[in-house]
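Observations on the model geometry
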Protein chains: 2
Amino acid sequence: MRQAGRHLPEYCALRRRASSFLDFCYTPELAVEASLQPVRRYRLDAAIVFSDILVIPDALGQRVWFEQGTGPKLEPVLTGGEIDRLNPNRLTERLQPVYETVAGVRAELPAGTALIGFAGAPWTIATYMIEGGTSRDHERARALAYRAPRVVERLIEILTAAVVEHLLAQIRAGAEAVQIFDSWAGALPATLRERHSLRPIAEIAARIGEACPEVPVIAFPRGVGGAYADYAALAGIAAVSIDQTVDPRWAAAAVQPHAAVQGNLDPVLLAAGGRAMDEAVDGILAALGGGPFVFNLGHGVVPDTPPAHVETLIARVKGNAA
Amino acid sequence: MRQAGRHLPEYCALRRRASSFLDFCYTPELAVEASLQPVRRYRLDAAIVFSDILVIPDALGQRVWFEQGTGPKLEPVLTGGEIDRLNPNRLTERLQPVYETVAGVRAELPAGTALIGFAGAPWTIATYMIEGGTSRDHERARALAYRAPRVVERLIEILTAAVVEHLLAQIRAGAEAVQIFDSWAGALPATLRERHSLRPIAEIAARIGEACPEVPVIAFPRGVGGAYADYAALAGIAAVSIDQTVDPRWAAAAVQPHAAVQGNLDPVLLAAGGRAMDEAVDGILAALGGGPFVFNLGHGVVPDTPPAHVETLIARVKGNAA
């Protein structure tokens, strides 16, 4: 999960040096520093490159901008004609600053600290591209998937190819594992989950596996409940991140036999801290610690998280694991 | 699911006769008519009383209002002191117009058409009361549940008692089944689901079952994924509504052995219509039609749904069942 961010005062200071959030992501000097800040402060086992899932639509030529307080905005792409105007040919050229960031972070990281690259999953990126931003129920994206299935399938195909290219370029630059964030997989009805989430993620994993069999691929289909097991069973998926709504005992039984599990402390509980957090951490470790497991949050760190809580958490996890 | 609403022109005309949405709910003449409109138009097998889950906080004395386009607003209740000021003593007195509506609908309905009463589940009502409205991720409600567990437990207790009273009064007025909408159960981390969703729903079902053993209790813990089976296994739960993210074949195997299943066509697909809708309807019927089953949507009808699509849907379901 994203470790950098507004809960760190040093991040807030760094953020002020860029005029826009995308400029921040595209300035390797700043993005390298943002990637390293949490590792330096918390001595984490792994770093994740500081970037954003919306660099892909931006690199495809869709207009993307970030407004303070309201999240990302995009000029919606709704028709076959609009999708045909997306230009995948210059993707890795335009995303060169991300790969420079990956290389820069790798050069600065201690040898034993793994570096994770990432991308949004095709469906999740598509929801932003169709909705023109974030959305509570993704009705516009679902409606387009029903009303113009070929348009959405074409968009998912373009994004699948773009995600593969983007992840491979991050691997070439030094990423040692890659994570696919399908943050809005849970918005898909069961009837579309196979086509728009499972299948593209399987294809991405297969193509990464062919090119770089040594690189673990982690899938995070947030909010899919019982279907997490289906993602874990995909060939080429080494690990699955689970959100906090999943009972870790269920994940130990249904997910862990197929793939390593990452998760799943509620980030809001990390912000709250205290005994309830300690108990939840112990519960997760007890349920999942017997198999392949990476302790993680169920989603990204929330802005009002005191760094002291993160330190307490890490000490507890390392103490338990020892 | 709510059948009345903005997709019906006759509803929009009726809505204009009340100055506010709560006045609309509290004027039996209008609420009876809103309840009957979809039954009259579509000849449905069951009617659901037209009301809102937020009548309970309103009747407890919290300030609740509806703003055009932004949904409900409430003056948040965040402390033990604020919760102690809620007044449950006049609940059924203040909600008398709802019970008059139930009686009025029952009097007008054909004898063979069942009437369903409903309430929000304690957790779902609590999220609105704490957040001061609707929310995307319910971080404030979760944070309070972690930081002040006794405050939230006390609120859930008050709401559990209120929901029981409100449902029993609807049954006395003529409701023949009751549905509990836990629309935000899916926002609960697994560690809090038992305490704030399963347990209060079990208690409500048990208390309805003691007083009125002949009245089926339907639970709709929206978005809980694999945990739907846990709700179906509760004593006193006759049926479980499933949302559209649930694979109906999974529900047939895991939910239907314990309880009847209601669901689960994506309302956005009903709005889209066409062959994709027909195929989805057939898939749901094939998966669930062999056991106790009520065809339904996965959530409420969306405003841009053409009534002709609802008619096509009903004809298909009735044709298949025949």
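Structure's up top.
Right, let's walk through the structure included here. Because the structure is a prediction, the values reported are computed rather than measured.

Quick look at the overall build of chain A now. Each helix and strand in chain A was counted, giving 16 helices and nine strands. Here chain A has a C-alpha radius of gyration of 19 Å; the compact-globule value for 322 residues is 20 Å, and the two agree. Across its three principal axes, chain A shows a C-alpha extent of roughly 55 × 45 × 40 Å. Within chain A, the proportion of its 322 residues that are buried is 60%. For chain A, restricting intrachain contacts to residue pairs at least 6 apart in sequence, the fraction spanning at least 24 positions comes to 70%. As displayed, chain A has an accessible area near 12600 Å², and 50% of this comes from carbon and sulfur atoms. Positive and negative charge centroids in chain A, built from 30 and 35 side chains respectively, lie 3 Å apart.

For the rest of this paragraph, the subject is the pairing of strand β3 (residues 71-74) of chain B. Residue and element names in this part refer to chain B. Bridge analysis of strand β2 (residues 64-67) against β3 gives four bridges, and the strand direction is antiparallel. Bridge pairing in β3 places V64 opposite L74. From the end of β2 to the start of β3, which pair antiparallel, there are three residues, and G69 there has a positive phi angle of about 85°.

As a further point, take the side chain of Q244(B). Within the secondary structure, Q244(B) sits in the loop between β7 (239-241) and α13 (248-254). By relative accessible area, Q244(B) is classed as buried at 12%.

The subject of this paragraph is the interface of chain A and chain B. Taken together, the 27 residues of chain A in the interface contact 27 residues of chain B. Carbon and sulfur atoms make up 57% of the area that chain A and chain B hide from each other, which totals about 2200 Å². The largest per-residue losses of area from chain A upon contact with chain B belong to R136(A), Y146(A) and V268(A), which jointly make up 27% of the total buried on that side. Scanning the region where chain A abuts chain B turns up four salt bridges. Linking D304(B) and R147(A) is a salt bridge whose minimum nitrogen-to-oxygen distance equals 3.9 Å. Between the two partners, chain A and chain B, sit twelve residue pairs in polar contact (both at pLDDT 80 or more). Of all the secondary-structure elements, those providing two or more residues to the side of chain A that touches chain B are α9 (139-147), α11 (190-211) and α14 (267-272) of chain A.

Take the environment of V32(B) next. Residues and elements named next belong to chain B. Positionally, V32 belongs in helix α3 (residues 28-42). Judged by its relative accessible area of 13%, V32 is buried. Separated by 72 residues in the primary sequence, V32 and G104 place their C-alpha atoms 6.1 Å from one another. Contact partners of V32, with chain neighbours within four places excluded, come to T101, G104, V105 and E108.

Superposing chain A onto chain B takes a rotation of 180° combined with a translation of 0.0 Å along the rotation axis, leaving an RMSD of 0.0 Å. Given the turn and translation reported, the copies of this chain are related as if by a two-fold rotation axis. A share of 100% of interface residues in chain A that are also interface residues in chain B marks the association as one of identical surfaces.

Bringing the pairing of strand β4 (residues 114-120) of chain B into the picture now. Residues and elements named next belong to chain B. By the criterion of burial, β4 is predominantly enclosed, with six of the seven residues buried. Two strands pair when backbone bridges link them, and β4 and strand β5 (residues 177-182) are joined in this way by five bridges, in the parallel orientation. Each bridged residue has a counterpart across the sheet, and for G117 the counterpart in β5 is V178.

Between the first and last C-alpha of helix α7 (residues 96-108) of chain B there are 19 Å, a value that for 13 residues agrees with the 18 Å anticipated at 1.5 Å per step. Taken residue by residue, α7(B) has P97(B), V98(B), Y99(B), T101(B), V102(B), G104(B), V105(B) and R106(B) as its buried positions.

Our next topic: the packing of α3(B) against α7(B). The packing of two helices is summarised by the inter-axis angle and the distance between the axes. Residues and elements named next belong to chain B. With their axes 9 Å apart at the nearest point, α3 and α7 run at an angle of 45° to one another. Comparing their axes, α7 and α3 come out oblique. Considering the relative orientation of α3 and α7, their crossing is right-handed. Residues P28, A31, V32, S35 and L36 of α3 lie in contact with α7, whose contacting residues are P97, E100, T101, G104, V105 and E108. Within the contact of α3 with α7, the residues separate by chemical class into six nonpolar, three polar and two charged.

Applying the stated criterion to the full structure yields 18 aromatic pairs over all chains. Centre to centre, the rings of F24(A) and F50(A) are 5.2 Å apart; their planes meet at 55°, and the pair counts as tilted. In this pair, F24(A) is assigned in helix α2 (residues 21-25) and F50(A) in the loop between β1 (46-48) and α4 (55-59), connecting sequence segments 26 residues apart. Given the relative accessible area of 0%, F24(A) is considered buried. Residue classification places F50(A) among the buried residues on the basis of a relative accessible area of 3%. Ring pairs connect the aromatic residues Y11(A), F21(A), F24(A), F50(A) and F66(A), which therefore count as one cluster. Over the ring of W65(B) we find R63(B); its NZ or CZ atom is 4.1 Å from the centre of that ring. Taking NZ or CZ as reference, R222(B) lies 4.9 Å from the ring centre of W184(B), over its face.

We now examine the pattern of salt bridges. In this structure the tally under the stated criterion is 32 salt bridges over all chains. The residue R275(B) makes a salt bridge to E279(B) at a minimum N-O spacing of 3.3 Å. Of this pair, R275(B) and E279(B) both sit in helix α15 (residues 275-288), four residues apart, which is roughly one turn of the helix. By relative accessible area, E279(B) is classed as partly exposed at 48%. One salt-bridge network, in which partners are shared between bridges, spans D278(A), D282(A) and R316(A).

In this section: unusual backbone geometry. As a rule of thumb, non-glycine residues mostly have phi less than zero, and peptide bonds are mostly trans rather than cis. In this chain, G263(A) is followed by N264(A) through a cis amide linkage whose omega measures -15°. Here N264(A) shows up in strand β8 (residues 260-265). Despite not being glycine, H138(A) has its phi angle at roughly 55°, a positive value. By the secondary structure assignment, H138(A) is in the loop between α8 (122-131) and α9. Of note, R43(B) is a non-glycine position whose phi angle comes to about 50°, a positive value.

Residue and element names in this part refer to chain B. One open sheet accounts for seven strands, arranged β1-β4-β5-β6-β7-β8-β9; its pairing is parallel. Whereas interior strands pair on both sides, the edge strands pair on one side only; in this sheet they are β1 (46-48) and β9 (293-297). For this sheet the average axis-to-axis angle between neighbouring strands, irrespective of direction, equals 25°. As defined by bridge partners, β1 adjoins β4 across three bridges and the pair is classed as parallel. Bridging from a neighbouring strand, A46 pairs with A114 of β4.

Conventions adopted
- Residues numbered from 1 in each chain as written.
- Chains lettered and ligands numbered in written order.
- Predicted model: local features only at pLDDT ≥ 70, side-chain atom pairs only at ≥ 80, totals over all residues.
- Heavy atoms only, no water.
- Helix = DSSP H or I, 4+ residues; strand = E, 2+ residues; numbered from the N terminus.
- Rg over C-alpha atoms; globule rule 2.2 N^0.38 Å.
- Buried < 20%, exposed > 50% of the residue type's maximum accessible area, 1.4 Å probe, protein only.
- Contact = heavy atoms within 4.5 Å.
- Areas by Shrake-Rupley, 256 points an atom, 1.4 Å probe, with all protein chains shown as cover.
- Lys, Arg positive; Asp, Glu negative; His and termini not counted.
- Charge placed at Lys NZ, Arg CZ, Asp CG, Glu CD.
- Pairing = 2+ DSSP bridges.
- Buried area = accessible area lost by both parts, 1.4 Å probe.
- Salt bridge = Lys/Arg side-chain N within 4 Å of Asp/Glu carboxyl O.
- Polar contact = N/O pair within 3.5 Å; in protein donor to acceptor, adjacent residues only side chain to side chain.
- Least-squares fit on C-alpha atoms with pLDDT ≥ 70 in both.
- Expected span 1.5 Å × (residues − 1).
- Axes fitted to C-alpha atoms, helices over the stretch in contact; angles between N-to-C directions.
- Parallel < 35°, antiparallel > 145°, perpendicular 65-115°, else oblique.
- Left-handed = near helix turned anticlockwise from the far one by under 90°.
- Nonpolar A, V, L, I, M, F, W, Y, C, P; charged D, E, K, R; others polar.
- Phe/Tyr/Trp six-rings, centres within 6.5 Å; stacked < 30°, edge-to-face > 60°.
- Lys NZ or Arg CZ within 6 Å of the ring centre and 35° of its normal.

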